[in-house]
Every structure is written in structure tokens, then in C-alpha cells.
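# Observations on the three-dimensional arrangement
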Amino acid sequence: QVQLVESGGGFVQAGDSLTLSCAASGRTFICLGWFRLAPGKEREFVAARSWFSGYTHYVHSVKGRFTISKDNAKNPVYLHMNSLKPEDTVVYYCAGQTTDTNCRRRAAYDYWGQGTQVTVSS
């Protein structure tokens with residue numbers, strides 16, 4: 001059974017840092033990524049990591065602030081978020097896909113976690 005379980009969301013002040021964790025199991029993924037969903041908007045790609053090459057991908061708005069990483073000895077994939085802004089306040093989802101080397105392509109992701117809320121106050 002495939003499972004993606006996020007943790008680490010919470011309430012922080014603008015400028016603070018937060019790390020999200022995603023424990024993925026049940027499949028060997030080509031890409032593991034993070035997406036976020038704001039009310040009334042489509043789910044947005046945030047960052048992803050190619051499972052085998054380790055290559056990382058980011059949406060422009062988080063480059064230099066967010067880092068996706070994985071401890072090769074352990075399961076979780078992390079999203080380290082620095083310099084958080086109020087506009088980063090949304091639900092973040094971990095997702096995995098097994099079919100496409102384009103880790104930015106949202107439609108390729110077929111496994112999703114339940115989401116974790118991040119709230120950044122100004």
C-alpha cells in the first residue's frame with residue numbers, strides 16, 4: 001500500500017523557518033514533490049526531487065528560500081522553508097509519481113498525502 005504522510009506544518013511568524021517532512025512508502029518513485037493549494041486556486045508545484053539522480057526543481061517564487069532534500073539513509077523527504085512570507089500560508093501536499101521524469105508536471109503525480117497546513121503571520 002502506498003502511503004505519503006506529511007508532518008511539520010504549523011504557525012510561524014514572517015521571516016521564520018519551518019521544515020516539512022514526507023514519509024513515503026509502498027512504491028519506488030521517480031519524483032517526490034511538494035505542492036501547495038490556496039483557496040480558490042489550482043494546486044501549485046513548489047519543489048521536487050528526482051529520486052535516482054537527486055536533481056531538484058523549484059518554482060521561481062521559492063528559489064533561494066526553500067530547499068527539498070532527502071537523507072539517503074532514511075525515508076523522509078524534507079522541505080526546508082526559510083524566510084517565510086504570509087503568502088506562503090496554504091496547505092502543503094507531498095506527492096509521488098512513478099511514470100514521468102519531468103518532476104514539475106503536476107498531472108504525472110498519482111500519489112498524494114493528506115496535506116499539512118502552514119500559516120505565516122505578518
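Structure: above.
What this report covers is the structure whose coordinates are included nearby. (Residues numbered from 1 in each chain as written. Predicted model: local features only at pLDDT ≥ 70, side-chain atom pairs only at ≥ 80, totals over all residues. Heavy atoms only, no water.)

Counted under the stated rule, the structure contains 2 disulfides. Disulfide pairing places Cys 22 opposite Cys 94 at an S-S distance of 2.0 Å. Measuring handedness by torsion sign, the sulfur bridge of Cys 22 and Cys 94 sits at about -75° and is left-handed. One end of the pair, Cys 22, is in strand β3 (residues 18-25); the other, Cys 94, is in strand β9 (residues 90-97), with 72 residues separating them in the sequence. At a sulfur-sulfur separation of 1.9 Å, the disulfide partner of Cys 31 is Cys 103. Across the S-S bond of Cys 31 and Cys 103 the torsion is about -75°, and the bridge reads as left-handed. Remark: Cys 103 occurs in the loop between β9 and β10 (111-112) and Cys 31 occurs in strand β4 (residues 31-37); sequence separation between them is 72 residues. (Disulfide = S-S within 2.5 Å. Helix = DSSP H or I, 4+ residues; strand = E, 2+ residues; numbered from the N terminus.)

Let's shift gears to the side chain of Thr 116. Position of Thr 116 relative to the elements: it lies in strand β11 (residues 116-121). Setting aside residues up to four positions removed in sequence, Thr 116 forms contacts with Glu 6, Gly 8, Gly 9, Leu 20, Val 90, Val 91 and Tyr 92. (Contact = heavy atoms within 4.5 Å.)

Next up on the list: the pairing of strand β5 (residues 44-50). Burial analysis of β5 places 6 of its 7 residues in the buried class, which makes it a mostly covered element. As judged from the 6 bridges shared by β4 and β5, these two strands associate in the antiparallel manner. Considered in β5, the bridge of Arg 36 is made with Glu 44. Across 3 bridges, β5 lies against strand β6 (residues 56-58) in antiparallel orientation. Bridge assignment links Arg 49 to a residue of β6, and that residue is Thr 56. (Buried < 20%, exposed > 50% of the residue type's maximum accessible area, 1.4 Å probe, protein only. Pairing = 2+ DSSP bridges.)

Pairing is antiparallel in the open sheet, where 4 strands are placed in the order β1-β3-β8-β7. Strands at the two margins of the open sheet, each flanked by one partner only, are β1 (3-7) and β7 (66-70). Across the sheet, the mean angle separating the axes of adjacent strands is 15° when strand polarity is ignored. The sheet contact formed by β7 and strand β8 (residues 77-81) spans 5 bridges and is antiparallel. (Axes fitted to C-alpha atoms, helices over the stretch in contact; angles between N-to-C directions.)

So, about the nonpolar core. If you look at the biggest cluster of nonpolar residues, it comprises 33 residues, and the most contacted ones within it are Trp 34, Val 46, Phe 66, Leu 79, Met 81 and Tyr 92. Sorting the residues of this core by element identifies β3, β4, β5, β7, β8, β9 and β11 as the ones contributing at least two each. Setting aside residues no more than four positions away along its own chain, Phe 66 makes contact with Arg 36, Val 46, Tyr 58, Leu 79, His 80, Met 81, Asn 82, Leu 84, Asp 88 and Tyr 92. (Core = buried A, V, L, I, M, F, W, Y, C linked by side-chain atoms within 4.5 Å.)

Tallied over the full model, the rule gives 5 salt bridges. The salt bridge involving Glu 42 is made with Arg 106; its shortest N-O contact spans 3.5 Å. With Glu 42 in the loop between β4 and β5 and Arg 106 in the loop between β9 and β10, this pair connects stretches of sequence that are 64 residues apart. Given the relative accessible area of 61%, Glu 42 is considered exposed. (Salt bridge = Lys/Arg side-chain N within 4 Å of Asp/Glu carboxyl O.)

Any functional reading would require information beyond the geometric quantities listed.
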